[in-house]
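Now for the letters of each chain:
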Amino acid sequence: LEVKDLHAENDKGLPALQGVSLNVRRGEIVGLAGVAGNGQRELSQVITGLRKCIRGDVLLQGEAITNRSARVGIRKGLAYIPEDRHHVGTAPNLSITDNVIMKRYHTEPIARGWMVDMVTATKFAKGLKQEYDIIVPSVETPARLLSGGNLQRVILAREISGQPAFMVAVQPTRGLDVGAIEGVQRLILSQREAGAAVLLISEELEELLTLSDRIY
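What counts, and at which threshold
Residues numbered from 1 in each chain as written. Predicted model: local features only at pLDDT ≥ 70, side-chain atom pairs only at ≥ 80, totals over all residues. Heavy atoms only, no water. Helix = DSSP H or I, 4+ residues; strand = E, 2+ residues; numbered from the N terminus. Rg over C-alpha atoms; globule rule 2.2 N^0.38 Å. Buried < 20%, exposed > 50% of the residue type's maximum accessible area, 1.4 Å probe, protein only. Areas by Shrake-Rupley, 256 points an atom, 1.4 Å probe, with all protein chains shown as cover. Lys, Arg positive; Asp, Glu negative; His and termini not counted. Charge placed at Lys NZ, Arg CZ, Asp CG, Glu CD. Patch = residues over 30% accessible without salt bridge, like charges linked within 9 Å, V, L, I, M, F, W, Y side chains within 5 Å. Salt bridge = Lys/Arg side-chain N within 4 Å of Asp/Glu carboxyl O. Polar contact = N/O pair within 3.5 Å; in protein donor to acceptor, adjacent residues only side chain to side chain. Contact = heavy atoms within 4.5 Å.

Trainee: I would appreciate a short explanation of the overall build of the protein chain in the present structure.
Mentor: Looking only at helices and strands, one finds seven helices and eleven strands in the protein chain. Computed over C-alpha atoms, the radius of gyration of the protein chain comes to 17 Å, within 12% of the 17 Å expected from 2.2 N^0.38 for 216 residues, which places it in the range of a compact globule. With respect to the principal axes defined by its C-alpha atoms, the protein chain has extents near 50 × 40 × 35 Å. Across the 216 residues of the protein chain, 49% fall into the buried class. Accessible surface, the protein chain: about 11,000 Å² in total, of which carbon and sulfur atoms supply 51%. The average position of the 26 basic charges and that of the 25 acidic charges among the side chains of the protein chain differ by 5 Å.

Listed below in structure tokens is the structure:
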């Protein structure tokens, strides 16, 4: 990832990003430290295609994805762990199966023509449930009934199973218990070992110092 001279506004139309530049290489975790409300959320949204920027460039694997749709970034191997896991990271009233196929429902083998193959989708969800130790009675359980740790594992399972080239993780351990925090951190480290580039945005300085290769 390369971000050059990025300028963007917040939801109130006030400057949130003013000339931000940074880069993240393959196989490293880059931490972004700072007190909440200083543009971290807006930066993650511009990178992932969820917010327009006024000026500047975002390049992923050498290709400009600035102000393009989220799907363009996804096709380039972008994964996103948002700060709000309840309203941005998941659709609370949909099942675990529906949530984990959100980036795959339009491609084979989950898609069969213009329809979703629910047999294949359910099998895929059950595989992720076991692999990521998601504690839930059934993959048809609505996401809103899960604990914070299990909900975060659903998001991580969906994003990591796509073998991303780049991941941006925003406050990935906020509100979780110690066991869940360790599990999430292990999964983030596994992405670095797999050769992905990871931008870790957190208010927890100790977490950044523990996981990051470089810190902005």
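Trainee: I'm lost on a nonpolar patch on the surface in this one. Help?
Mentor: Where nonpolar side chains cluster on the molecular surface, the patch consists of Tyr 105, Val 116 and Met 118 and spans about 240 Å² of accessible area. Mapped onto the secondary structure, Val 116 falls in strand β8 (residues 115-116). Residue classification places Val 116 among the partly exposed positions, given a relative accessible area of 32%.

Trainee: I would appreciate a short explanation of the side chain of Gln 171 in the present structure.
Mentor: The topology assignment puts Gln 171 in the loop between β9 (166-170) and α6 (178-193). Among the polar contacts made by the side chain of Gln 171, one reaches the side chain of Glu 203 at a distance of 2.9 Å. With residues near it in sequence (within four places) discarded, Gln 171 still touches Glu 83, Arg 85, Gln 152, Ile 201, Ser 202 and Glu 203.

Shape descriptors only; they carry no functional weight alone.
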